[in-house]
Amino acid sequence: MPTVSQVATPPAKPVMLFDGNCGFCAFWIRRWQQATGERVEYIPFQDTRTAEWFPELPREQLALAVHLIESNGAVCRGAEAVCRSLATNPARQWPLRWYQKCPRFAAMAESAYRFVAGHRPLFAALTHALWPQSKRRNADNEPALRANPHHKTAPMHHTATEQFVSGGKPHSLARFLDPLHALPGVQAETLGPFDIGGQTYSLPKFTFRGPNASDPIRIGIFAAIHGDEPAGATAAASFLRDLAAHPALAENFLVHVYPLCNPTGFEDNTRVSRRDRDLNREFWKSSPEQEVQLLEYELRTQHFSGIIQLHADDTSDGVYGFVRGHTLTEHLLRPALRAAEQILPRNINAIIDGFAARDGIIYESYDGVLAAPVEMEPIPFEIILETPHHAPLDRQVEALVAALHTILTEYRLLISFAQNI
Ligand SMILES: [Zn+2]
């Protein structure tokens, strides 16, 4: 693909073209926009104006990097485009001066830019973890970034929410599970089968291996062990879709997702299973319940480094969580709650669900909850996330998904710090 370095119709003032569907780009563009003010116009390359004004710039080229078109028609891209646009502000000319004068700075800036651009989903997650405000929807104060009708911001976390919840009626397992079987890179299996009330059931399990995961960090995500908490199941599905769409989010990880741990309860929209058991009180007690036995087998054999359970609490007005297992667990839950808090409030009560709590974190838990076996070595981190059940389902899902991405990102960082000290 020949790189276009000049356009036929120069704009009146410099124009920066960026990927309007990329939350990471949008976040940085907003920061650059603060530096450049009105001196540069920022347009998503998906905007119809881009093709009208600059027909010679191929979309595929624009998708790879930001492009700056200057008022003399010159086109540059990547780190150079960033330096040049910043330099329109007299106080921000040093990056361009360095870029032009120092080949090492130029090379470093370009390689840093390429690295970041090549890892956009990972960096988007990092950006959101480090600057949680970047996750806030609708840049209302940024009219230049407003979507035109052709520019849709990817509704990554919302698509499946309404798919299987049909007001009060029993839920359909097939309607929930079928779309997940079509996800690229996601391996589906079933645990079981087992019979309840003359009908045959199984526990669905989905596995995703991220890049660079030959010796992976194994994570288990368990949802809907209470069948009337669809937010967790939907969030688990939504999270899988994110991984399938952006594998780098799961870099170094082998993620096992068990989205429906209580399939009969899910179908009936009840907390308990059809055998009237609260399955989340039955673990490691020689329970005869088939769902519990199948999950205990997974917990014993998969050697998880981390176990995450997704729940909703109808007595809570905010998001909170339980920590168990490894002592570093609270260092994962804390940023996860900060991420979730951008979407739903945190429950900061001193007592939550009968337990002493601090900043939305509970350090004890019920007897018999889904957890690693006591003899497990090394000790995994164990987190139970709870959303307020009465909040809109979309919000609960979004909060849980944000928390899950944050846990992966933070754990990867902790591991890499640990390996370097
Ligand atoms: Zn629950």
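Regarding the overall build of the chain
Here is step 1 of the chain: Secondary structure assignment for the chain yields 13 helices and 14 strands.
Here is step 2 of the chain: When each of the 421 residues of the chain is scored for burial, the buried share is 42%.
Here is step 3 of the chain: Contacts in the chain between residues at least 24 apart in sequence constitute 75% of all its contacts with a sequence separation of at least 6.

Here we look at helix H12 (residues 329–341)
Here is step 1 of the chain: With 13 residues, H12 should cover 18 Å at 1.5 Å per step; its first-to-last C-alpha distance of 18 Å lies within 8% of that length.
Here is step 2 of the chain: Here H12 has its buried residues at Thr329, Leu332, Leu333, Ala336, Leu337, Ala339 and Ala340. An end-on view of H12 places all buried positions within 160 degrees of arc, on one side of the element.

Thoughts on the pairing of strand S10 (residues 320–325)
Here is step 1 of the chain: The element S10 is largely enclosed, with a buried count of five among its six residues.
Here is step 2 of the chain: The sheet contact formed by S10 and strand S14 (residues 381–388) spans six bridges and is antiparallel. Among the inter-strand pairings, Phe322 is bridged to a residue of S14, identified as Ile384.

Describing the nonpolar core
Here is step 1 of the chain: Grouped together as the largest cluster of nonpolar side chains are 72 residues, with contacts concentrated most on Ile221, Ala223, Ala236, Cys261, Ala340, Leu400 and Ala403.
Here is step 2 of the chain: When residues in this core are grouped by element, the largest group, 10 residues, is from helix H13 (residues 393–420).
Here is step 3 of the chain: Discounting residues that sit within four places of it in the chain, Ile221 has contacts with Ala236, Val255, Val257, Tyr258, Ile308 and Leu404.
Here is step 4 of the chain: Val15, Cys22, Leu68 and Ala81 belong to the second-largest nonpolar core, a separate cluster that totals 28 residues.

Digging into the sheet that holds strand S4 (residues 75–77)
Here is step 1 of the chain: Strand order in this open sheet of four strands is S2-S1-S3-S4, and the pairing throughout is mixed. Both outer strands of the open sheet, strand S2 (41–44) and S4, are each paired with one neighbouring strand and no more. Direction aside, neighbouring strands of the sheet carry axes that sit 25 degrees apart on average.
Here is step 2 of the chain: Taken together, the three bridges between strand S3 (residues 67–69) and S4 define a ladder with antiparallel strand orientation. Bridge pairing links Leu68 to Cys76 in S4.
Here is step 3 of the chain: Those strands touched by helix H4 (residues 78–86) are strand S1 (15–18), S3 and S4, and its axis lies near 115 degrees from that of S4.

Considering the sheet that holds strand S5 (residues 186–196)
Here is step 1 of the chain: What the 10 strands build is an open sheet, ordered S5-S6-S8-S7-S9-S14-S10-S13-S12-S11; its pairing is mixed. The two strands at the open ends of the sheet, each matched to only one other strand, are S5 and strand S11 (351–352).
Here is step 2 of the chain: As paired elements, strand S6 (residues 199–209) and strand S8 (residues 253–258) share four bridges and run antiparallel to each other. Bridged to Phe208 within S8 is Val255.
Here is step 3 of the chain: Lying over the sheet, helix H9 (residues 230–245) contacts S5, S6, strand S7 (217–223), S8, strand S9 (306–313) and S14, oriented at roughly 135 degrees with respect to S9.
Here is step 4 of the chain: Its contacts with the sheet put H12 on S10, strand S13 (361–362) and S14, and the angle it makes with S10 is roughly 165 degrees.

Structural notes on the environment of Asn280
Here is step 1 of the chain: Mapping Asn280 onto the fold places it in the loop between helix H10 (263–268) and helix H11 (290–301).
Here is step 2 of the chain: Of the residues examined, Asn280 has 23 C-beta atoms within 10 Å and is grouped as buried.
Here is step 3 of the chain: Sequence separation of Asn280 and Ala371 is 91 residues, and the distance between their C-alpha atoms is 9.4 Å.
Here is step 4 of the chain: With residues up to four places along the chain from it excluded, the contact list for Asn280 reads Ile225, His226, Val369 and Leu370.

Overview of the pairing of S8
Moving residue by residue along a regular strand, the side chains alternate between the two faces of the sheet.
Here is step 1 of the chain: Of all six residues in S8, six are buried; the element is thus mostly enclosed.
Here is step 2 of the chain: Burial along S8 is two-sided: the residues Phe253, Val255 and Val257 and Leu254, His256 and Tyr258 are all buried.
Here is step 3 of the chain: Relative to S8, S7 runs parallel, the two sharing six bridges. What sits directly across from Phe222, in S8, is Tyr258.
Here is step 4 of the chain: Taken together, S7, H9 and S8 constitute a β-α-β crossover, and its handedness is right-handed.

So, the packing of H4 against helix H5 (residues 94–101)
The angle between the axes and the distance between the axes are what describe a pair of packed helices.
Here is step 1 of the chain: Their axes nearest at 7 Å, the elements H4 and H5 cross at an angle of 135 degrees. Classified by the angle their axes make, H4 and H5 are oblique. Helix-helix and strand crossings are classified by hand; for H4 and H5 the assignment is left-handed. Contacts from Glu80, Cys83, Arg84 and Leu86 in H4 reach Pro95, Leu96 and Tyr99 in H5.
Here is step 2 of the chain: Residues belonging to the contact of H4 with H5 are distributed by class as follows: five nonpolar, no polar and two charged.

What counts, and where the lines are drawn
Residues numbered from 1 in each chain as written. Predicted model: local features only at pLDDT ≥ 70, side-chain atom pairs only at ≥ 80, totals over all residues. Helix = DSSP H or I, 4+ residues; strand = E, 2+ residues; numbered from the N terminus. Buried ≥ 20, exposed ≤ 12 C-beta atoms within 10 Å, placed from the backbone. Contact = placed C-beta atoms within 7 Å. Expected span 1.5 Å × (residues − 1). Arc of directions from axis to C-beta. Pairing = 2+ DSSP bridges. Core = buried A, V, L, I, M, F, W, Y, C linked by C-beta atoms within 7 Å. Axes fitted to C-alpha atoms, helices over the stretch in contact; angles between N-to-C directions. Right-handed = clockwise from strand over helix to strand, strands pointing away. Parallel < 35°, antiparallel > 145°, perpendicular 65-115°, else oblique. Left-handed = near helix turned anticlockwise from the far one by under 90°. Nonpolar A, V, L, I, M, F, W, Y, C, P; charged D, E, K, R; others polar.

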